[in-house]
Amino acid sequence: MPQQFTNLIGAHELSALATPEWRIFDCRFDLRDPGFGLRAYAEGHLPGAFYLDLEQDLSGPASGLNGRHPLPDPHLLGDKLGSLGVGSRTQVVAYDDVGGMFAARLWWLLRWLGHNRVTVLNGGIQAWTGSGQALSRDTPETVAKTFTPALQGGMKVNAEYVYGHLDNPAIQIIDARSPDRFRGENETLDPVGGHIPGAINRFFRDNLGPDGCFKQATELQEDFGTLIKGGDAHNVVHQCGSGVTACHNILAMETAGLSDSKLYAGSWSEWCADPARPVASGPG
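The paragraphs below set out a description of the structure included in this document. Here the structure is a predicted model, which is why all the values come from computation and not from measurement.

Glancing now at the sheet that holds strand β7 (residues 172-175). As summarised here, the arrangement of the five strands in space is β6-β10-β9-β7-β8, forming an open sheet in which the pairing is parallel. One side of each edge strand has no neighbouring strand; the edge strands of this open sheet are β6 (156-157) and β8 (200-201). The sheet contact formed by β7 and strand β9 (residues 236-239) spans four bridges and is parallel. Bridge pairing in β9 places D175 opposite Q239. Sheet contacts for helix α9 (residues 246-255): β7, β9 and β10 (262-264); angle to β9, the most-contacted strand, approximately 140°.

What follows is the structure, encoded as structure tokens:
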């Protein structure tokens, strides 16, 4: 059986090991310019890569009450992946240009669909070009495969779960947003500023080193071990603004060997849409 990559892969590893059977996905996106990712893909992408759009492919319809980036219908996403050549044994690689901010969403979604052969290109497209590898403007061809989701229900929780565990000291909520947004300052994406009561802040960018790559597993283990105070990883609930960058913290914990934490996919944008839910502000 070929080697399986499940969390991170380096640019040199990818260039040496990728085969036509692997599927590479460009996940670049800009929350303030939704057309950016597709334009960037057209200007140059990893050879053989296909483009997946955060809002069109990796999210479902937003109702105004279920967050800005609800989880997609698993069968629709499965059909999309299958149409692009992803089968049960396909190694998938996701990348972007912001340290894995959006690639981690695809990584998490595939694991939720029961497909663990998925990894994120460490350092993204910058690491690829920085290692001397070329980009392509060609649109790849593919042969469709059958992708059958096998949902892993224990990977996520909903707003009711979070609300019901606000007073449970065993459950730790980690918010991946920037510190100012966590405090309730400079909120430009959601109508209400603040955070879920009891949450602590771990800005997802703190998972990265100066080179834009993930920190070493031992350093991440120390960072998150301090945050959860030696608690069990499976009692950790991750959230952010809309369930995207929270996946980055989950990937960091998995890289550190801290497995089975959960995603609150609706995150702050869903939480604050209901005025009956409590809101905290300040440093937490």
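Moving on from the coordinates now.
On to helix α2 (residues 36-43), then. Buried residues of α2: G37, A40 and Y41, and no others. When α2 is viewed along its axis, its buried side chains cluster within an angular range of 105° and face the same direction.

So, on to the packing of aromatic side chains. Counted under the stated rule, the structure contains seven aromatic pairs. An angle of 40° between the planes, with centres 6.3 Å apart, marks the rings of Y163 and W271 as tilted. Here Y163 is found in helix α6 (residues 159-164), whereas its partner W271 is found in helix α10 (residues 267-271), with 108 residues between them in sequence. Relative accessible area serves as the criterion here: at 0%, W271 is assigned to the buried category. Between F203 and F204 the ring centres are 5.4 Å apart and the planes differ by 85°, which places this aromatic pair in the edge-to-face class. For F204, a relative accessible area of 4% gives the class buried.

Strand pairing in a sheet is mediated by backbone hydrogen bonds. Such pairs are either parallel or antiparallel. Overall, parallel pairing links the five strands, which are arranged β1-β5-β4-β2-β3 in an open sheet. Edge positions in the open sheet fall to β1 (8-9) and β3 (50-51), since each of these has one partner strand only. With three bridges joining them, strand β4 (residues 92-95) and strand β5 (residues 118-121) adopt parallel strand pairing. Paired with V93 across the two strands is T119, which belongs to β5.

Mapped onto the fold, L84 is located in the loop between α3 (74-83) and β4. Classification of L84 as buried rests on a relative accessible area of 12%. Considered as a pair, L84 and F50 are 34 residues apart in the sequence and their alpha carbons are 7.7 Å apart. Setting aside anything within four residues of it in sequence, one finds L84 in contact with R23, F25, F50, L52 and T142.

Further remarks concern unusual backbone geometry. Even without a glycine there, the phi angle at D260 is positive, about 80°. Structurally, D260 can be placed in the loop between α9 and β10. Residue D260 is classed as exposed on the basis of its relative accessible area, which comes to 52%. We note that S267 has phi near 55°; this positive angle belongs to a residue other than glycine. Mapped onto the elements, S267 comes out in helix α10. S267 gets classed as buried once you look at its relative accessible area, which sits at 0%.

Packing of helix α8 (residues 217-227) against α9 brings their axes to within 8 Å, and their N-to-C directions diverge by 115°. It follows that α8 is roughly perpendicular to α9 by the angle criterion. Remark: the crossing between α8 and α9 carries left-handed chirality. Contacts from A217, L220 and F224 in α8 reach N249, A252, M253 and T255 in α9. Here the residues of the contact of α8 with α9 are counted per class, giving five nonpolar, two polar and no charged.

Attention shifts here to the environment of E43. With respect to the secondary-structure elements, E43 resides in helix α2. C-alpha separation for the pair E43 and A170, spaced 127 residues apart in sequence, amounts to 48 Å.

With that settled, the discussion passes to the side chain of S131. With respect to the secondary-structure elements, S131 resides in the loop between α5 (124-130) and β6. Only 2.8 Å separates the side chain of S131 from the backbone oxygen of W128, close enough to count as a polar contact. In contact with S131, other than residues within four places in its own chain, are A11 and H12.

It is worth spelling out the pattern of salt bridges at this point. With the rule as written, the count across this model stands at 13 salt bridges. For E187, the salt bridge is made with R177, and the minimal N-O distance between the two is 3.6 Å. Here E187 is found in the loop between α7 (179-183) and β8, whereas its partner R177 is found in the loop between β7 and α7, with ten residues between them in sequence. For the pair E187 and R177, one class covers both residues: buried. Members of the salt-bridge network, linked through shared partners, are R68, D175, R177, R181, E187 and D190.

The rules we used
Residues numbered from 1 in each chain as written. Predicted model: local features only at pLDDT ≥ 70, side-chain atom pairs only at ≥ 80, totals over all residues. Heavy atoms only, no water. Pairing = 2+ DSSP bridges. Helix = DSSP H or I, 4+ residues; strand = E, 2+ residues; numbered from the N terminus. Contact = heavy atoms within 4.5 Å. Axes fitted to C-alpha atoms, helices over the stretch in contact; angles between N-to-C directions. Buried < 20%, exposed > 50% of the residue type's maximum accessible area, 1.4 Å probe, protein only. Arc of directions from axis to C-beta. Phe/Tyr/Trp six-rings, centres within 6.5 Å; stacked < 30°, edge-to-face > 60°. Parallel < 35°, antiparallel > 145°, perpendicular 65-115°, else oblique. Left-handed = near helix turned anticlockwise from the far one by under 90°. Nonpolar A, V, L, I, M, F, W, Y, C, P; charged D, E, K, R; others polar. Polar contact = N/O pair within 3.5 Å; in protein donor to acceptor, adjacent residues only side chain to side chain. Salt bridge = Lys/Arg side-chain N within 4 Å of Asp/Glu carboxyl O.

Read these as spatial facts, not as claims about activity.
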